[in-house]
Amino acid sequence: MTRSFFARNPSALIFIAFLALFTLAVTLMSEGLGAGLISTSFVKTLGKTLCLCLVALAMDLIWGYAGILSLGHMAFFALGGYMIGMWLMYARTEEIVVAALSQGGLPATPEEVQQGIATQIFGVVGSSDLPAIWSFAHSLPLQLILALAVPGLLALVFGWLAFRSRVTGVYLSILTQAMTLALALYLFQNDSGLRGNNGLSGLQNLPGLGQTSQDLISIWFFWASALALALGYLTLNWVVSGKFGSVIRAIRDDEARVRFLGYPVETYKLFVFTLTALIAALAGVLYYPQAGIINPAELAPIASIYLAVWVAIGGRGRLYGAVIGAAFVSLLSSLFTSGRLPDIPLGPVSLNWVDWWLVLLGLAFVAVTLLAPKGIGGLFDRFQGVIPPDRKGAPLGPDDGSLQEQEAQQ
Amino acid sequence: MTALLEVSGVSVTFDGFRAINNLSFEIGNAELRAIIGPNGAGKTTFMDIVTGKTRPDQGSVTFGERSIPLIGMNESRIAREGIGRKFQRPTVFEDQTVEANLILALKANRSPWRVLFWRPKAADLERVKELAQEVGLGEHLHRKSGELSHGQKQWLEIAMLLAQEPRLLLVDEPAAGMTPAEREQTTDLLVSLARTRAVVVVEHDMEFIRRLNCRVTVLHEGSVLAEGSLDHVTRDPQVIAVYLGRG
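1. Digging into the overall build of chain B
Check the secondary structure of chain B and you find ten helices and ten strands. Relative to its length of 247 residues, chain B is compact, with a C-alpha radius of gyration of 19 Å against a globular reference of 18 Å. Taking the principal axes of the C-alpha coordinates as reference, chain B spans close to 55 × 40 × 35 Å.

2. Regarding the sheet that holds strand β10 (residues 223-228) of chain B
Residue and element names in this part refer to chain B. The strand order across the open sheet formed by six strands is β6-β7-β8-β3-β9-β10, and the pairing between neighbours is mixed. Two strands lie at the open edges of the sheet, namely β6 (83-86) and β10, each paired on one side alone. Each strand axis lies, on average, 20° off the axis of its neighbour in the sheet, ignoring direction. Inspection of the sheet shows strand β3 (residues 32-36) paired to strand β9 (residues 215-220) by four bridges, in the parallel sense. The partner of Ile36 across the bridge, within β9, is Val218. The strands that helix α6 (residues 150-164) touches are β6 and β7 (168-172); relative to β6, the one it contacts most, it runs at about 175°.

3. Regarding the nonpolar core
If you look at the biggest cluster of nonpolar residues, it comprises 179 residues, and the most contacted ones within it are Val55(A), Ala56(A), Leu57(A), Leu102(B) and Ala159(B). Per-element accounting of this core gives the leading share, 18 residues, to helix α11 (residues 265-291) of chain A. Viewed by domain, this core spans two of them, domain 1 (1-82 + 166-247) and domain 2 (91-165) of chain B, each represented by three or more residues. With near-sequence residues (within four places) excluded, Leu57(A) lies in contact with Gly232(A), Tyr233(A), Leu236(A), Ile279(A), Leu319(A), Ala322(A) and Val323(A).

4. Some remarks on the sheet that holds strand β1 (residues 3-14) of chain B
Residue and element names in this part refer to chain B. Taken in spatial order, the four strands of this open sheet run β2-β1-β4-β5, and their pairing is antiparallel. The sheet is open, and its two borders are formed by β2 (17-28) and β5 (68-69), each paired with just one other strand. Bridging between strand β4 (residues 58-63) and β5 involves two bridges; their strand directions are antiparallel. Within the sheet, the bridge partner assigned to Thr62 lies in β5 and is Pro69.

5. What about the pairing of β1(B)?
Summarising the sheet, β1(B) and β2(B) pair through eight bridges and their orientation is antiparallel. Bridge pairing in β2(B) links Glu6(B) to Glu26(B).

6. Comments concerning the domain arrangement of chain B
Residue and element names in this part refer to chain B. For chain B, the assigned domains are domain 1 (1-82 + 166-247) and domain 2 (91-165). Counting residues at the interface gives eight residues for domain 1, matched by eight residues for domain 2. Considering only residue class, the side of domain 1 that touches domain 2 consists of four nonpolar, two polar and two charged.

7. Considerations on the packing of helix α3 (residues 98-105) of chain B against helix α5 (residues 122-134) of chain B
All names here are of chain B. Where α3 contacts α5, the axes come no closer than 10 Å and their chain directions differ by 110°. Relative to α5, the element α3 is oriented roughly perpendicular. Regarding α3 and α5, the two cross each other, and that crossing is right-handed. For the pair α3 and α5, contact is made by Val98, Glu99, Leu102 and Ile103 and by Val128, Leu131 and Ala132, respectively.

8. Side note on the interface of chain A and chain B
The partner chain B presents 31 residues to the 26 residues of chain A that form the contact. If you list the elements that add at least two residues to the side of chain A that touches chain B, you get α9 (243-253), α10 (255-260) and α11 of chain A. Sorting elements by how many residues they give to the side of chain A that touches chain B places α9(A) first, with seven residues. A breakdown of the residues in the side of chain A that touches chain B according to their chemical character gives 13 nonpolar, seven polar and six charged.

9. Concerning the confidence of the model for chain B
Residues and elements named next belong to chain B. On average, residues of chain B score 88 in pLDDT, and 98% of them are at 70 or above. Within chain B, helix α10 (residues 237-242) has the poorest average pLDDT of any element, 83, and α3 the best, 94. Two numbers describe this predicted complex: its pTM, 0.90, and its ipTM, 0.88.

Cut-offs and rules
- Residues numbered from 1 in each chain as written.
- Chains lettered and ligands numbered in written order.
- Predicted model: local features only at pLDDT ≥ 70, side-chain atom pairs only at ≥ 80, totals over all residues.
- Helix = DSSP H or I, 4+ residues; strand = E, 2+ residues; numbered from the N terminus.
- Rg over C-alpha atoms; globule rule 2.2 N^0.38 Å.
- Pairing = 2+ DSSP bridges.
- Axes fitted to C-alpha atoms, helices over the stretch in contact; angles between N-to-C directions.
- Contact = placed C-beta atoms within 7 Å.
- Core = buried A, V, L, I, M, F, W, Y, C linked by C-beta atoms within 7 Å.
- Buried ≥ 20, exposed ≤ 12 C-beta atoms within 10 Å, placed from the backbone.
- Domains from an automatic or database assignment.
- Nonpolar A, V, L, I, M, F, W, Y, C, P; charged D, E, K, R; others polar.
- Parallel < 35°, antiparallel > 145°, perpendicular 65-115°, else oblique.
- Left-handed = near helix turned anticlockwise from the far one by under 90°.
- pLDDT = per-residue confidence, 0-100.

This is the structure:
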């Protein structure tokens, strides 16, 4: 084991090189620092896509490697976004309120400022008091800690309850889906303290950077997202390439056997569940300032189902597959739903891409599951000449070895 | 000699069916024991109880010098105490290499944090190589274990059990699906293993048990019917009536 990490994981080196080139290219073409070939809004779309790739990595770890189909990871993503959004909105509103109050000549008292902020933020839901959950919103470090601690603790408690009772398979998927739905429904209420269905908005305006143009801010966030994705990729590659990866893949394939080897399977599942929730929350922290707005619809179960679709199309059980799937499908999705593609007339009806995109995505998902279970990532196996045998039929038993019926007949 | 594993007065009922009925059983530190009995006698349920898969309704199971109670512990905790189990069908992780399978089984700390930072040392790799050679898989370390033949998978699983270094080994029908030559090898291995640890073998095949040349416990309807040498139990009229006489 003297060879370096990259020598053992060439795909990680290729991935990082590719990501670095991509980041450089986008920077050189941006409006903020480059030739202005691509618009600031598209830079933001790309930055958001990188964040989605990071959540997809987390999803791949828990689903592709550990075999736990969680349909609730976008809840952790959105919770991270809400937590950072609270600080962004509070600090930004504070600036505005202080500026407005100082026009009277006398500096405002802290109580007046606080009252002004509460009225500004909560007027829309008919309240003028700052709820208790906003107690730390004035401080960026505290709110950043919360951005990881809240989703992390939720995952820890939820996972502990679910795994301890040995809920597995489709029942666990339904349970995670119920969790994200319950959270979304709770946040939709006006008295949840997070502005109900209005959500938090204006998150693209960074406090203290009112004079800086969005062209520049978008590039900063793009860099931060690329860095987070690179670090996330390397960390997860390190996690899955060692004995830990071996254990979680073994849990996926035969968890009872892993128990008899002495591994506490439930603790491992909880570990992976919480780790991936933290990664999802981190991605959310970077995503929502670029999106500018967050509302409870982001926690809808459909968001987490999309996440599963990305990973399935990209290829489960390989990290670059998840990234490719998330980037490919989400970029394609923003193209098809942009409304800029011309309709295709088909006699009496016309094919409207905005409406038909979901149908296409659904068909693609079914096709991938049935025809190419390895997803887009499987194409790389073809290039490398790794073609798994087409194993169908029953095992033949001891004498003919590991050949299965149809292989043996060839 | 104090017993390594002591099962006393254990009963378990599934939906009104009494699978184990007031079963008592003891095995010493370095002993080979065969368990026979007709289908439904409770052989597998007995193993399930010892390994923590099934929780009995009453009775006690204790293990080791300090007589640690095993009931209420989960499977992984019991495995860490030093009880290894081999299933009838070979269960290896087919998607991983022979080496990865053996490293998984290698005796080491099992907690997630320790496993996360675990890196193989030269001694570990040496031990893996040694184990693989012992079961004739030295050439196949880097092959995926799914490609191995049925017999090789059995051997790999045995090597994995050895890597775990259990103090008590429960083996469920080791001879199933093996060629006669492999059976002979298996008996030799089990006998030599039993010199350093306790081994319990559940088996149907009388010829196989005769070659093991050890004490035999006959189970019937969830409790012990007879115990002693193979010749002793095969002469027992009760055993003949319920088991051997049927053939």
